[in-house]
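Chains, contacts and geometry: an overview
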Amino acid sequence: MRPSLRSFRIATLAALLASAAAAQQPRADLLLLNGRVLTVDATDRVAQAVAIAGNRIVAVGSNADAERAAAPGARRVDLAGRTVTPGLLDAHAHFSGGGADRLFVIDLSYPNVKNMADVAAAIREKAATLPKGTWITGRGWDEGKLAEKRLITARDIDAASPDHPVYLTQTTGHYGVANSLAMRLAGVSKDTRDPPAGTIDRNPDGSPTGVLKEGAQGLVRRLVPPRTADENERGIRELVKAFNAEGMTGLKDPGINAQTWDLYRKVERDGALNVRVFALWRGGSTIEGARRLVAERAATSRPYETTGDDHLVSGGVKLYIDGSGGARTAWLYDDWNKDWTGVDAGNAGYPTSNADTIRAMIRLFHDAGMHVSVHSIGDRGIDWVVDSYDQAMRDNPRKGLRHGIIHANIPTDHAIDVMARLQRDFDAGYPEPSASFAWWLGDTYAGNFGPARSLRLNPFATFRARGMTWANGSDYGVTPFAARYGIWAAIAREPLLGTWGGDPFGRKESVDVKTALRAQTIWAARQMFLETKIGSIEPGKYADLAVWDRDFYTVPTAQIKDAQCLMTLFDGKVVYQAPGVKF
């Protein structure tokens, strides 16, 4: 056969195959046109338009590319130059519990309260609405944001609520304060010993101040009536809407139980779960409990094999190794600082339970083929966790479990070396930090970490230099959930009020906006085992998208924090449109 004829036939066949493929591809029923589409694909391409068929993206490119994919009668949305990103993701949000907190506890966060008088006033106002003896709970206070720059104590709140037991949880969730009535009901007195992995703060005479840290919180909190299933369900439903209003379409919820799973399923069946939830089961602190969890959940928690309907995923297990940078209970090598340059002598924090037991539990879950993420704040705690992963991989090499280090606040050089190697060799050892800690907790964190350790907080630039990726989360309700805050904070590294100066964390570990966005999109999707389906704007992926009033790539950094979401699509459906905005 002559070459020219052969070439003609090959070209004709290719054209026929391409035509057949185009005929089989679903035609788009929704076009987003005339925009700035930040695809977050492998080349960070910026496109003009997106075509969507049902719940999938079918074309990304120019307006003409989108039009070629359109079905007759397709809806066309003129973006008028507005920016589109993938739906933003939160790699660590206490969604199921935080939703109910939003509705049913006193919000003591800044700027609702700025001093002790504001705290007392909020309690007094709530007490006036409740029968005597009813528990009052609140959350969100942070001593770093209070004018007095100290912990709330029972003395500060007793007069506001003499007839109501009160427990107010600090924003980190790792400590709180009880009033005197609550302590009497709980039997907490001068003679009460600190429980294992817990601290009762005391006055000079040994009497309790009301501040309870880590395991000591349970002494009082066990008496607080639990929320009903209806209250928790309502919290989930309302928080879904709030996430959507911030352009957010997915999250990793750490530490759920069977009741929470059932609530998620119910909301999903009702068509109201307009976010993708990757759930981690509560791992506990005992080998016996770990074995029970493996027996109950290991077979259905294998996201590297299947993510089910890609909507509600039984993903793995959450554990704790240590406490909080706010409470100065996270596990360090050297004593904590206080008030920036002072030293909390004799206090280097502690493990939340037996460290050898946690290591054995990590190995047990690893051997069962379960993804594990461990809360690790302090440098010694982080080392313990990454070394536990490393030992598990040496003894039983398993690629693709993507074990995580939740928060990973101040990793040592050793920890970074191990994480980089685990990522390269085993697809494991991924930090799951919260960039917004530097902002929302920054005024407390800087004072506690001190000048040297503060510079090591969230070492994102070092991570990138080592070829590492990470998945950013808000840790809601520890910090506000809006992912725009996390994107901004990864670049700016600025504390909210600047109690210890405006730049206690330095800028050496800042990253650029494209990197910060990836940590809230495609890298977060990876830690949800959904990176082939969400996290970037590419044909074949779910149409989870957000439309914004500004271009994250071009506006000044300070303006990212105040970005407004104008429209959110989940699974190809518009689930949020800003009031007064027309397309």
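Below is a summary of the structure that appears in this document. Since we're looking at a predicted model, the values are computed, not measured. (Residues numbered from 1 in each chain as written. Predicted model: local features only at pLDDT ≥ 70, side-chain atom pairs only at ≥ 80, totals over all residues. Heavy atoms only, no water.)

**Quick word on the overall build of the chain**
Inclusion rule: Helix and strand definitions follow DSSP, with helices as H or I runs of at least four residues and strands as E runs of at least two, each counted in order from the N terminus. For the radius of gyration, the atom set is restricted to C-alpha positions; the globular benchmark scales as 2.2 Å times the number of residues to the power 0.38. Burial classes: relative accessible area under 20% of the type maximum marks a residue as buried, over 50% as exposed, and values in between as partly exposed (1.4 Å probe, protein chains only). It only takes one pair of heavy atoms within 4.5 Å for two residues to be counted as in contact.
Helix and strand counts for the chain stand at 20 helices and 25 strands. For 583 residues, the compact-globule estimate of 2.2 N^0.38 gives 25 Å, and the chain sits close to it at 25 Å. Dimensions of the chain, computed from C-alpha atoms along their principal axes, come out at roughly 100 × 55 × 45 Å. Residues classed as buried in the chain amount to 59% of the 583 residues present. Counting contacts in the chain only where the partners sit at least 6 residues apart, residues at least 24 apart contribute 75% of the total.

**Looking at the packing of helix α3 (residues 95–104) against helix α8 (residues 229–245)**
Just so we agree on the cut-off: Only the stretch in contact is used when a helix axis is fitted, and all axes are lines through C-alpha atoms; the angle between N-to-C directions ranges over 0 to 180 degrees. With respect to orientation, any angle under 35 degrees is reported as roughly parallel, any angle over 145 as roughly antiparallel, any angle of 65 to 115 as roughly perpendicular, and every other angle as oblique. Here the term charged refers only to Asp, Glu, Lys and Arg, the term nonpolar to Ala, Val, Leu, Ile, Met, Phe, Trp, Tyr, Cys and Pro, and the term polar to all other amino acids, Gly among them.
Here α3 crosses α8 at 95°, and the two axes come no closer than 7 Å. The angle between the axes of α3 and α8 places the two elements in the roughly perpendicular class. On α8, the residues that touch F95, S96, G98, G99, A100, R102, L103 and F104 of α3 are E231, N232, R234, G235, I236, E238, L239, V240, A242 and F243. A per-class count over the contact of α3 with α8 returns nine nonpolar, five polar and four charged.

**Brief notes about the pairing of strand β20 (residues 371–376)**
Definition in use: Only strands that DSSP links by at least two bridges are regarded as paired with each other.
In terms of residue burial, β20 counts as a mostly covered element, since six of its six residues are buried. Sheet topology note: the strand β17 (residues 312–320)/β20 ladder contains five bridges and is parallel. Of the residues in β20, the one forming a bridge with Y320 is H375. As paired elements, β20 and strand β21 (residues 404–407) share four bridges and run parallel to each other. What sits directly across from H375, in β21, is I406.

**A short note on the pairing of strand β7 (residues 83–86)**
Of the pairings in the sheet, the one linking strand β2 (residues 36–38) to β7 comprises two bridges and is parallel in character. Bridging across to β7, R36 finds its partner in T83. As paired elements, β7 and strand β23 (residues 545–548) share four bridges and run antiparallel to each other. Residue P86 lies in a different strand from β23, and its bridge partner there is L545.

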